[in-house]
Amino acid sequence: MYAALWRALPGPLLVRVVLLLALVALVVVVCFEWLFPMVASWLPYDETTVGTDTGATAYLPFPTPEPT
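Residues numbered from 1 in each chain as written. Predicted model: local features only at pLDDT ≥ 70, side-chain atom pairs only at ≥ 80, totals over all residues. Heavy atoms only, no water.

**So, the overall build of the protein**
Phase 1: Along its length, the protein carries 2 helices and 0 strands.
Phase 2: Looking at the protein as a whole, 3% of its 68 residues qualify as buried.
Phase 3: Per element, the accessible surface of the protein, about 6800 Å² overall, is 71% carbon and sulfur. (Helix = DSSP H or I, 4+ residues; strand = E, 2+ residues; numbered from the N terminus. Buried < 20%, exposed > 50% of the residue type's maximum accessible area, 1.4 Å probe, protein only. Areas by Shrake-Rupley, 256 points an atom, 1.4 Å probe, with all protein chains shown as cover.)

What follows is the structure, encoded as structure tokens:
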């Protein structure tokens, strides 16, 4: 697939590299602007299984001195 894309790009090596970087940037922008927001409603971000109480006790790394 990548070899076919590389062969389809016109021009010498430097032009192909610049075009390929522009295509990758375009795909990233399209994903962040349209694709990810479109599928975000189907993703379970609000359905967490971790509650606020984890049962863990917070320990200080060093003992605190006793007040005198």
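Alright, that's what it looks like, and here's the rest.
**Comments concerning the packing of aromatic side chains**
Phase 1: All chains considered together, the criterion is met by 1 aromatic pair.
Phase 2: Relative to Phe-36, the ring of Phe-32 has its centre 5.1 Å away and its plane inclined at 90 degrees; by these criteria the two rings are edge-to-face. Taken together, the residues Phe-32 and Phe-36, both in helix 2 (residues 13-39) and 4 residues apart, mark about one turn of the helix.
Phase 3: The class for Phe-32 is exposed, based on a relative accessible area of 56%. (Phe/Tyr/Trp six-rings, centres within 6.5 Å; stacked < 30°, edge-to-face > 60°.)

**Here's the deal with a nonpolar patch on the surface**
Phase 1: Together, Leu-5, Leu-23, Leu-26, Val-29, Val-30 and Trp-34 make up an exposed nonpolar region whose accessible area comes to about 550 Å².
Phase 2: Looking at which element gives the most residues to the nonpolar patch, the answer is helix 2, with 5 residues.
Phase 3: Its location among the elements puts Leu-26 in helix 2. (Patch = residues over 30% accessible without salt bridge, like charges linked within 9 Å, V, L, I, M, F, W, Y side chains within 5 Å. Salt bridge = Lys/Arg side-chain N within 4 Å of Asp/Glu carboxyl O.)

**Quick word on helix 2**
Phase 1: Between its first and last C-alpha atoms helix 2 spans 37 Å; for 27 residues at 1.5 Å apiece the expected length is 39 Å, and the two agree.
Phase 2: Taking the largest bend as the criterion, helix 2 deviates by roughly 45 degrees, centred on Cys-31. (Expected span 1.5 Å × (residues − 1). Bend = angle between axes of the 7 residues up to and from the residue.)

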